[in-house]
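Fold and geometry: a report
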Amino acid sequence: MARAANDAGVFYFCGPDEAGSADAAARLSALIGTKQGTFERIELAGGDLRKDPVRLADEARSVSLFGDRRQIHVRCAGDEAYDAVETLLASPVQGWPVFILASSATDKSRIAKLLADRPDALVAMFHPPDIRAVTLAVREMAEPAGLKLNDDLAERIARAAALDTRMARSEVEKLVLFLDASPEAPRNVDGAALDAIVAVSEDDSFMPVVNAVLAGETARLSAELARLHELELNPVGLLLAFERRAAQLMQLAGRMRGRGDLNAFIEQETAARRVFFRDKADVALQMRRWRGRKLARLVERLMALHRQLLADNRNAELILSQGLAEISRAAAR
């Protein structure tokens, strides 16, 4: 990052992890900003640049009456800003730093290929992170800010932020203020501090019903569904939480093949940070309920339920409730 800040003037961040690319752009912008001093941030949309391809080069070369430094930030979809970037590169005058965020594009896009081999440009593609990567990122954010926290607490922040590094950074900043931490006066972070400030992700509301259904606790189901109705949680979001847990169970089942001691296996997976320590008991119970062909049928049923929700969003809550009741009864058998 330090080398890119020195050598490059155009930065192209793409890929499906929009949060990761935006967070990287913000970090790089801040790093360059320490050298620029006070600067003006100019926001441009890809659609506007498609209509006026010269504008990007003009903005990157312009100076205000007061001589303010600038950074140009562009959000676009696909290659709609291609002509604007081409015009910018054709200019013989070195301009202000330009950041282009194209979350729906890849490193195979026309803009990426235009920039890839240039020494004055950086192309980076961001893929969705896993829990271990975001946990490490949280630790890397916290330590320079004066926060001392262990892996379990860093993982809790990562999960609460739904693996969004921007949200995780916000939680770290709140902890710094709450504990009055600084690099000169570091503070230890404990569970009480997190309870006081950490955001509650939607998954925290989803998981009680996920665990109740997959454990076959049919008596709890009506109360959980009533709670979800009161909170007006998204049915598709809830189903995605089920799909994530089912995918986790499939992965664990594949790794466990040939082993007999489930409890020892879960302990190993928890130590390897593939199972969150608070989910350990629930995951172990669900692995006993769902195995072999029964687990495969669960995945198939969730996929079919997903298609039903997308086809009939008016009745999504009713369709999901009926589907979850069937799954809960199957788990109880």
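Provided above is the structure to which this section pertains.
Presented here is a report on the structure given in the accompanying data block. A quick note: this is a predicted structure, and the numbers were derived from the prediction, not measured. (Residues numbered from 1 in each chain as written. Predicted model: local features only at pLDDT ≥ 70, side-chain atom pairs only at ≥ 80, totals over all residues. Heavy atoms only, no water.)

**Concerning helix α2 (residues 18–36)**
Applied cut-off: Each helix is a run of H or I in the DSSP string that is no shorter than four residues. Each strand is a run of E no shorter than two, and both are numbered from the N terminus. Expected helix span is computed as 1.5 Å times (number of residues minus one). Burial here depends on accessible area, computed with a 1.4 Å probe over protein chains only, as a share of the maximum for the residue type. Under 20% is buried, over 50% is exposed, and the range in between is partly exposed. Two N or O atoms form a polar contact when they lie within 3.5 Å of each other; inside protein one atom must be a possible hydrogen donor and the other a possible acceptor, and for residues adjacent in sequence the pair counts only when both atoms belong to side chains.
With 19 residues, α2 ought to run about 27 Å at 1.5 Å a step, and its terminal C-alpha atoms sit 26 Å apart, in line with that. Burial in α2 covers these residues: A19, G20, S21, A22, D23, A24, A25, L28, S29, I32, G33 and Q36. In this structure D17 caps α2, since a side-chain oxygen of it lies 3.1 Å from the backbone nitrogen of G20. Positive backbone phi, at 85°, marks G37, one or two positions downstream of α2.

**Some remarks on the packing of helix α13 (residues 235–256) against helix α17 (residues 316–332)**
Put simply, the test is: Every axis corresponds to a line fitted to the C-alpha atoms, with the helix fit spanning only the stretch in contact, and the corresponding angles, defined between N-to-C directions, vary from 0 to 180 degrees. When an angle is under 35 degrees it counts as roughly parallel; over 145 it counts as roughly antiparallel; between 65 and 115 it counts as roughly perpendicular; any other value is oblique. Pairs of residues are marked as contacts when any of their non-hydrogen atoms sit within 4.5 Å. Ten residues, namely Ala, Val, Leu, Ile, Met, Phe, Trp, Tyr, Cys and Pro, are considered nonpolar, four, namely Asp, Glu, Lys and Arg, are considered charged, and the remaining ones, Gly among them, are considered polar.
Between α13 and α17, whose axes approach to 9 Å, the crossing angle comes to 30°. By the angle between their axes, α13 is roughly parallel relative to α17. The segment α13 lies against α17, with P235, L238, L239 and F242 engaging A316, E317, L320 and L324. Considered class by class, the residues forming the contact of α13 with α17 number seven nonpolar, no polar and one charged.

**Structural notes on the state of the cysteines**
Cysteine pairs can be linked by a disulfide, which is a covalent bond between their two sulfur atoms. Put simply, the rule reads: Throughout, a disulfide means two cysteine sulfur atoms within 2.5 Å of one another.
Under the definition given, this model contains zero disulfides. C76 supplies the cysteine sulfur nearest to C14, a cysteine that is in no disulfide, at a spacing of 9.7 Å. For C14, a relative accessible area of 0% corresponds to the buried category. By relative accessible area, which is 8% here, C76 ends up buried.

**Here we look at the pattern of salt bridges**
Quick reminder of the rule: A carboxyl oxygen of Asp or Glu within 4 Å of a side-chain nitrogen of Lys or Arg is what we treat as a salt bridge.
Under the definition given, this model contains 22 salt bridges. In this structure, R50 engages E80 in a salt bridge whose closest nitrogen and oxygen atoms are separated by 3.8 Å. Of the two residues, R50 is situated in helix α3 (residues 46–51) and E80 in the loop between β3 (69–75) and α5 (82–90); the sequence distance between them amounts to 30 residues. R50 gets classed as exposed once you look at its relative accessible area, which sits at 53%.

**Some remarks on the nonpolar core**
So the rule is basically this: The term nonpolar core refers to a set of buried residues drawn from Ala, Val, Leu, Ile, Met, Phe, Trp, Tyr and Cys, joined through side-chain atoms within 4.5 Å.
Counting 39 residues, the largest nonpolar core has L238, F242 and M287 as its most contacted members. Contributions of two or more residues to this core are made by α11 (202–214), α12 (218–231), α13, α14 (262–271), α15 (280–289), α16 (293–311) and α17. Residues in contact with F242, not counting those within four places in the same chain, are V209, V210, V213, L214, L302 and L324. If you look at the next biggest cluster of nonpolar residues, it comprises 26 residues, including I42, A60, L89 and L115.

**Regarding the packing of aromatic side chains**
Where two aromatic rings form a pair, the distance of their centres and the angle of their planes describe that pair. As a reminder of what qualifies: To pair, rings of Phe, Tyr and Trp, with the six-membered ring standing in for Trp, must have centres within 6.5 Å; the planes then decide the type, stacked if under 30 degrees apart, edge-to-face if over 60, and tilted in the middle.
Enumeration over the complete set of coordinates arrives at two aromatic pairs. Ring centres of F11 and F99 lie 4.9 Å apart, and the angle between their planes is 20°; on these two criteria the pair is classed as stacked. Separated by 88 residues along the polypeptide, F11 in strand β1 (residues 10–14) and F99 in strand β4 (residues 98–102) bring together distant segments of the chain. Comparing F11 with F99 shows no difference in burial state: the two are buried. Between F13 and F126, the aromatic rings sit 5.6 Å apart at their centres with planes inclined by 90°, giving edge-to-face as the arrangement.

**So, helix α8 (residues 151–160)**
Since the α-helix advances by 3.6 residues per turn, residues separated by three or four positions end up pointing in the same direction. Within α8, seven of the ten residues are buried, which leaves the element mostly enclosed by the surrounding structure. Within the sequence span of α8, burial applies to L153, A154, E155, R156, I157, A158 and A160. Structurally, α8 contributes buried residues whose contacts are with α7 (131–145), α9 (165–179) and α10 (191–197). Phi for A162, located one or two positions after α8, is positive at around 55°.

**Section: the sheet that holds β4**
In plain terms, the rule: In this analysis, strands are considered paired if DSSP registers two or more bridges between them.
The strand order across the open sheet formed by five strands is β2-β3-β4-β1-β5, and the pairing between neighbours is parallel. Because the sheet does not close on itself, it has two edges, and the strands there are β2 (39–45) and β5 (121–125). Sheet twist, expressed as the average angle between the axes of neighbouring strands with direction ignored, equals 15°. Two strands pair when backbone bridges link them, and β1 and β5 are joined in this way by five bridges, in the parallel orientation. Bridging across to β5, V10 finds its partner in A121. Contacting β1, β2, β3, β4 and β5, α2 crosses the sheet at an angle of about 170° to β3.

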